[in-house]
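Here's the letter readout for the chains.
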Amino acid sequence: MRERMEKALSSSDAEYTEIRIENVTSSWANFRGEDLDNIGSSRTLGGIVRALVKGGWGYATFNDISDLETRVREACESARLVGKEESKFAEVEPVVDEITAHLGKDFREISLSEKKSVIEEYNKIILGYHDKIETSNVGYGDSFRKVWYANSDGAYIEDERPDVGVAISATGRQGDNVQRGFESVAGSAGFQVIEGLQEKAEVAAGRAVDLLSAPPVTGGKYTVIINPRLSGVFAHEAFGHLSESDFVYENERMKKLMVLGKRLGSDILNIIDDGSIRGLRGTHMYDDEGVKTRKNYLIKDGILAGRLHSRETAAKMGEQPTGNARAIGYQHRPIVRMTNTYIDKGAATFEDMIKDVKLGVYALDMVGGQTSMEMFTFSAAYGYMIRDGKIAELVRDVVLTGNVFETLMHIDMVSDTIEWPPVGGGCGKGGQSPLPVGLGGPCVRIQNVVVGGRQQ
Ligand SMILES: [Zn+2]
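What counts as what
Residues numbered from 1 in each chain as written. Predicted model: local features only at pLDDT ≥ 70, side-chain atom pairs only at ≥ 80, totals over all residues. Heavy atoms only, no water. Helix = DSSP H or I, 4+ residues; strand = E, 2+ residues; numbered from the N terminus. Expected span 1.5 Å × (residues − 1). Buried < 20%, exposed > 50% of the residue type's maximum accessible area, 1.4 Å probe, protein only. Pairing = 2+ DSSP bridges. Contact = heavy atoms within 4.5 Å. Axes fitted to C-alpha atoms, helices over the stretch in contact; angles between N-to-C directions. Donors = N, O, S within 2.8 Å, 3.2 Å for Na, K, Ca; no water.

Visitor: Can you break down helix H5 (residues 228-239) residue by residue, with the values?
Guide: Taking 1.5 Å of rise per residue, the twelve residues of H5 would be expected to cover 16 Å, and the 15 Å separating its terminal C-alpha atoms lies within 8% of that figure. Of all twelve residues making up H5, eleven are buried, and the element is well covered by its neighbours. Taken together, the buried positions of H5 are Pro228, Arg229, Leu230, Ser231, Gly232, Val233, Phe234, Ala235, His236, Ala238 and Phe239.

This is the structure:
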């Protein structure tokens, strides 16, 4: 493949050209209530050529990989039609590398019927849990992506990207009161990560039933502690997206708000995006422009320290590439994306964080949310009141709302351990969704958070 790709690249007359070819096998199965709703598998082979001429990008996507020269010529032609300024594209040292996935149980060798029976068991556990369980939704999905990447700088990378996950949802009903319990597990280590999740199915069903009798939280301003899953969502959704340089570059208001060196939080606050942490869902050795991933501080000791770049945004803003150009598949160009985004651990224990809270809310996991510029709304999956320094009753409808910059300033304690719950799902941006990302972190304590009723 290398020879064919390099030969095609050598025929290019663009300033920069790259070819990415992918062979993707995937399978899925889904139960909705008693019914097997959807099951299937697919195999696709395709690629994309991207060429840069005078600041303009030309693309050619294809499924037939037999005539790469022609695809390169097509991409160059379209680039010439749109290019009318000076190209800005950061230099990086070209690498040649081959990354092989190490799967415990290779899900490509497991039959669809076995995959189905694993989730069928979880589904039965939910449906048989309690007579207040109205329905269930249990889904399985896997994909194995083999990527061949070459560019005109001389980089050549072969990469294997496996991902497998299960999402388990239980719905309980009592009259008009409908509550959900949700658990998911995903990872790159192999089929075994989704085996043995009977307990997760029980937990999801149990939560749906327990929430039926839990009172809604009383709206107000509270000291809130968020768990690792929710602090990961906060770091990603509320702040991480504002650190994506394509967004900053195109937005005058954000350019003013996101000035490097500006204080955004107290000294204990560090927010990091790191695509090089082993074993997480947002982890890759290289991004989709051949740039090595690395640990990037977005906020260091409370100060805005960096942002996420593609090679193009780095050059345009006079900064270094960070290894954050990612594409969800060969049909798409790489754009600036997060990898594994988190608030770094601090020095407090959970007991330290809770012991002087007279009245507060411990908010866990997440079922939904919205962000609009610096405003966010997150619906926690469930919560507990904190009363006189202790965890008290379960509450539902825990919705956290705020301005991210004010909220960052109100973070006053961060726990001393980081967890990366192996949850599924992913990030959506520019029509590319769901991109696997890592969501995790420590427990984080925030003062003066507006907690309100649930928005359905
Ligand atoms: Zn996102």
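Visitor: Please set out the pairing of strand S1 (residues 16-32) residue by residue, giving values where relevant.
Guide: Each regular strand displays side chains that alternate between the two surfaces of the sheet. Burial of S1 is extensive: 14 of the 17 residues sit out of reach of the surface. Relative to strand S2 (residues 35-53), S1 is paired through 17 bridges, and the arrangement is antiparallel. Note on S2: the bridge partner recorded for Arg32 is Asp35. From the end of S1 to the start of S2, which pair antiparallel, there are two residues, and Gly33 there has a positive phi angle of about 60 degrees.

Visitor: I'd love a proper account of the sheet that holds strand S9 (residues 271-274), names of residues and values included.
Guide: Judged by pairing direction, the sheet is mixed, and its five strands sit side by side in the order S11-S10-S9-S14-S24 without closing on themselves. Pairing within the sheet leaves two strands with one partner each, and these edge strands are strand S11 (303-304) and strand S24 (438-439). Sheet topology places strand S10 (residues 295-300) next to S11; two bridges connect them, and they run antiparallel. Of the residues in S11, the one forming a bridge with Ile299 is Leu304. Sitting on the sheet, H5 touches S9, S10, S11, strand S14 (340-343) and S24, and the angle it makes with S14 is about 110 degrees.

Visitor: Describe the coordination of the zinc ion, and please don't skip the residues or the numbers.
Guide: Bound to the zinc ion on the protein side are His236 (NE2), His241 (NE2) and Cys427 (SG), at distances that span 2.0 to 2.3 Å. Mapping the donors of the zinc ion onto the primary sequence yields the spacing H-x4-H-x185-C. Of this pair, His241 sits in the loop between H5 and helix H6 (245-249) while Cys427 sits in strand S22 (residues 427-429), placing them 186 residues apart in sequence. On the basis of relative accessible area, His241 is assigned to the buried category, the value being 16%. Given a relative accessible area of 2%, Cys427 falls into the buried group.

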